[in-house]
Amino acid sequence: MKLSRSEHNPVLAPNPDLPWENLVTCNPGVWYEQGVFYMLYRAAGDDPEHVIRIGLATSHDGVHFMRASETPVFSPSSEGPDSGAIEDPRIVKFGDEFYITYAFRPCPPGQYWRFAHDEVLRPAVDEFTPAFLRENLANTGLATTRDFKTFRRLGRITNSRLDDRDVILFPEKIGGKYVMMHRPKQYVGERYGVKYPSIWLKFSDDLLDWEGCESHLLLTGVEHTWEEKVGGSTPPLRTDEGWLVLYHGVSDCGRGYYRVGALLLDLEDPLKILGKTRECILEPETAYETDGFYKGCVFPTGNVIVNGILYVYYGAGDRYVCLATCPLRDLLDYIKNG
């Protein structure tokens, strides 16, 4: 079972005429409603600091996207904790508002592909500087919008001392609680019972208040496989078989290729895994996936179901937005049998 790449890939590429996105367009959040695909995509130009912003594109067929503006729709704040970079939006909807989790840094990361693995630019600091700023850590924030053009920042939803990305909300309450998937990089070792960064779930009464909520291990990696290090990828989708969740696995302790797997979680107890793909369902194969700023990366961040087809939108090589699809029923059956 493999996802099928669109023959039109990449479906969104950097625009050489726009300095804020002339180098990178990748890792999009996508929502489908009333015949329109809305895509919030990560974008960056060729500036040495590598400031990261969010742009908006729309489509009526899910393949051919048009940019909605020549300017970003969501940018780093001028003075807040997310003043360096905002990236990798994931979209869910409660009521009439869209709730978007996004990773951010206090300072631009720099052109990280020129640095050692997992290194970013760090500011000059003194002994009193908090770890968040000193290490230029990636945290996760929450924002809302009604139109994908104007946004309200609600604040940080992860601990400032943790590198905590791949933070994704379930699109409805479960057992009267909101549910958040996250991947705290520091949750490794004997204390946590895992060797590599893993996927955890939290439960809360409030979408903005996750402090003090216990993290429960959902999935950890398998040593010497394509999924040693794992993280959540796309917002869970409710199906008649359970919550469908795509996740990414990385080989070689996080230094190797990024590949994609799938989970099926119980609708009433998302800590219960009903099924899991043993092999990846998408892996880097094409030139636009193996020869980008991260050489060997497929990184899904958006998925929707339209007319029984699962549309999966992913960043390719940290440079492009691409699309892969499959019949939803085929994937559900494969997971259950796996």
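Remember, it's a predicted structure, so these values are computed and weren't measured experimentally.

Asks: Whenever I open this one, the nonpolar core confuses me. Can you help?
Replies: Leu 244, Tyr 314 and Leu 331 are the most contacted members of the largest nonpolar core, which totals 23 residues. Those elements that provide at least two residues to this core are strand 16 (242-250), strand 17 (258-265), strand 20 (309-316), strand 21 (320-327) and helix 3 (328-337). Non-local contacts of Leu 244, meaning those with residues more than four positions away in its chain, are made with Pro 235, Pro 236, Leu 237, Thr 239, Ala 262, Leu 263, Leu 264, Leu 310, Leu 328, Leu 331 and Ile 335. Counting 18 residues, the second largest nonpolar core, distinct from the first, contains Val 11, Val 304, Val 306 and Tyr 311.

Asks: Explain the sheet that holds strand 19 (residues 298-306) here, please?
Replies: Each strand in a sheet pairs with its neighbour through backbone hydrogen bonds, running either in the same direction (parallel) or in the opposite one (antiparallel). Strand order in the open sheet made by the four strands is 1-21-20-19, with antiparallel pairing throughout. For this open sheet the edge positions go to strand 1 (4-5) and strand 19, each flanked by a neighbour on one side alone. One ladder, built from two bridges, connects strand 1 with strand 21; its direction is antiparallel. Bridged to Arg 5 within strand 21 is Ala 324. Strands in contact with helix 3 are strand 19, strand 20 and strand 21; relative to strand 21, the strand with the most contacts, it is inclined by about 80°.

Asks: What's the story with helix 3 in this structure? I'm lost.
Replies: The periodicity of an α-helix, 3.6 residues per turn, causes residues three or four positions apart to be oriented the same way. Within the sequence span of helix 3, burial applies to Leu 328, Leu 331, Leu 332 and Ile 335. Taken down its axis, helix 3 places every buried residue within 100° of arc, on the same side.

Asks: Quick question: what am I supposed to make of unusual backbone geometry here?
Replies: For residues besides glycine, phi is generally negative; the peptide bonds are generally trans as well. The omega torsion across Asn 9 and Pro 10 is -10°, close enough to zero to call that bond cis. In this structure, Pro 10 sits in the loop between strand 1 and strand 2 (24-33). We note that Phe 148 has phi near 65°; this positive angle belongs to a residue other than glycine. By the element assignment, Phe 148 lies in the loop between strand 8 (139-145) and strand 9 (152-156). On the accessibility criterion, Phe 148 (2% relative accessible area) is buried. The residue Asp 166 is not glycine, and still its phi comes out positive at about 50°.

Asks: When you look at the pairing of strand 20 in this model, what are you seeing that I'm missing?
Replies: Every regular strand shows the same layout, with side chains that alternate between the two sheet faces. The element strand 20 is extensively covered by neighbouring structure, given that seven of its eight residues are classed as buried. As defined by bridge partners, strand 19 adjoins strand 20 across eight bridges and the pair is classed as antiparallel. Of the residues in strand 20, the one forming a bridge with Val 298 is Ala 316. As defined by bridge partners, strand 20 adjoins strand 21 across eight bridges and the pair is classed as antiparallel. If you follow Tyr 313 over to strand 21, its bridge partner there is Leu 323. What sits between the antiparallel neighbours strand 20 and strand 21 is a turn of three residues, in which Gly 317 has the positive phi angle 60°.

The rules behind these values
- Residues numbered from 1 in each chain as written.
- Predicted model: local features only at pLDDT ≥ 70, side-chain atom pairs only at ≥ 80, totals over all residues.
- Heavy atoms only, no water.
- Core = buried A, V, L, I, M, F, W, Y, C linked by side-chain atoms within 4.5 Å.
- Buried < 20%, exposed > 50% of the residue type's maximum accessible area, 1.4 Å probe, protein only.
- Helix = DSSP H or I, 4+ residues; strand = E, 2+ residues; numbered from the N terminus.
- Contact = heavy atoms within 4.5 Å.
- Pairing = 2+ DSSP bridges.
- Axes fitted to C-alpha atoms, helices over the stretch in contact; angles between N-to-C directions.
- Arc of directions from axis to C-beta.

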